[in-house]
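# Tertiary structure, described
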Amino acid sequence: MNRFEGPGAREARIRYLDGDYQVLSPGAFVRCAVTGEPIALDELKYWSVERQEAYRDAAVSHQRELDAHPEWRKR
């Protein structure tokens, strides 16, 4: 059993803010919007305020931004 399994391991509902987040419904983790992988709240560092979604790491976050704004690829 890993830390995202068991009776106390629920997915949290989060409101993502600039530089912080607000827990709307308690839980142990959120899911990466791209990969679906669980992210422990104490390891959550990357998210989009605009899309209200979390990302596993900087590379996934960057790729999601490029996918959302294809015109940025030309810069």
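Refer to the structure printed above.
With that settled, consider the overall build of the protein. Tallying secondary structure elements over the protein gives one helix and six strands in all. If you list the helices and strands of the protein from N to C, you get β-β-β-β-β-β-α. Burial analysis of the protein (75 residues in total) assigns 28% to the buried set. Of all intrachain contacts in the protein linking residues separated by at least 6 positions in sequence, the fraction that spans at least 24 positions is 25%.

Relative to the helices and strands, valine 49 is located in the loop between strand S5 (46-48) and strand S6 (53-55). Note: C-alpha distance between valine 49 and arginine 15 (34 residues apart in sequence) is 8.2 Å. Residues in contact with valine 49, not counting those within four places in the same chain, are Tyr16, Leu17 and Asp18.

This part takes up helix H1 (residues 58-68). Among the residues of H1, Val60, Ser61 and Leu66 are the ones counted as buried. The inward-facing, buried residues of H1 abut S5 and S6. Sitting at the head of H1, aspartate 57 places a side-chain oxygen 3.2 Å from the backbone nitrogen of alanine 59.

Here we take up the packing of aromatic side chains. With the rule as written, the count across this model stands at two aromatic pairs. On the basis of an interplanar angle of 90° and a centroid distance of 5.6 Å, the ring pair of tyrosine 21 and tryptophan 47 is categorised as edge-to-face. Of the two residues, tyrosine 21 is situated in strand S2 (residues 20-25) and tryptophan 47 in strand S5; the sequence distance between them amounts to 26 residues.

Burial along strand S1 (residues 13-17) is one-sided: the face carrying Ile14 and Tyr16 is buried and the face carrying Arg13, Arg15 and Leu17 is not. Sheet topology note: the S1/S2 ladder contains five bridges and is antiparallel. Opposite isoleucine 14, over in S2, you have valine 23 as the bridge partner. The turn joining S1 and S2, which pair antiparallel and follow one another in sequence, is formed by two residues; a positive phi near 75° is taken by glycine 19.

To continue, consider the side chain of glutamate 53. Position of glutamate 53 relative to the elements: it lies in strand S6. Given the relative accessible area of 15%, glutamate 53 is considered buried. Among the polar contacts listed, one links the side chain of glutamate 53 to the side chain of tyrosine 55, at a separation of 2.6 Å.

Here is what the cut-offs are and how they apply
- Residues numbered from 1 in each chain as written.
- Predicted model: local features only at pLDDT ≥ 70, side-chain atom pairs only at ≥ 80, totals over all residues.
- Heavy atoms only, no water.
- Helix = DSSP H or I, 4+ residues; strand = E, 2+ residues; numbered from the N terminus.
- Buried < 20%, exposed > 50% of the residue type's maximum accessible area, 1.4 Å probe, protein only.
- Contact = heavy atoms within 4.5 Å.
- Polar contact = N/O pair within 3.5 Å; in protein donor to acceptor, adjacent residues only side chain to side chain.
- Phe/Tyr/Trp six-rings, centres within 6.5 Å; stacked < 30°, edge-to-face > 60°.
- Pairing = 2+ DSSP bridges.

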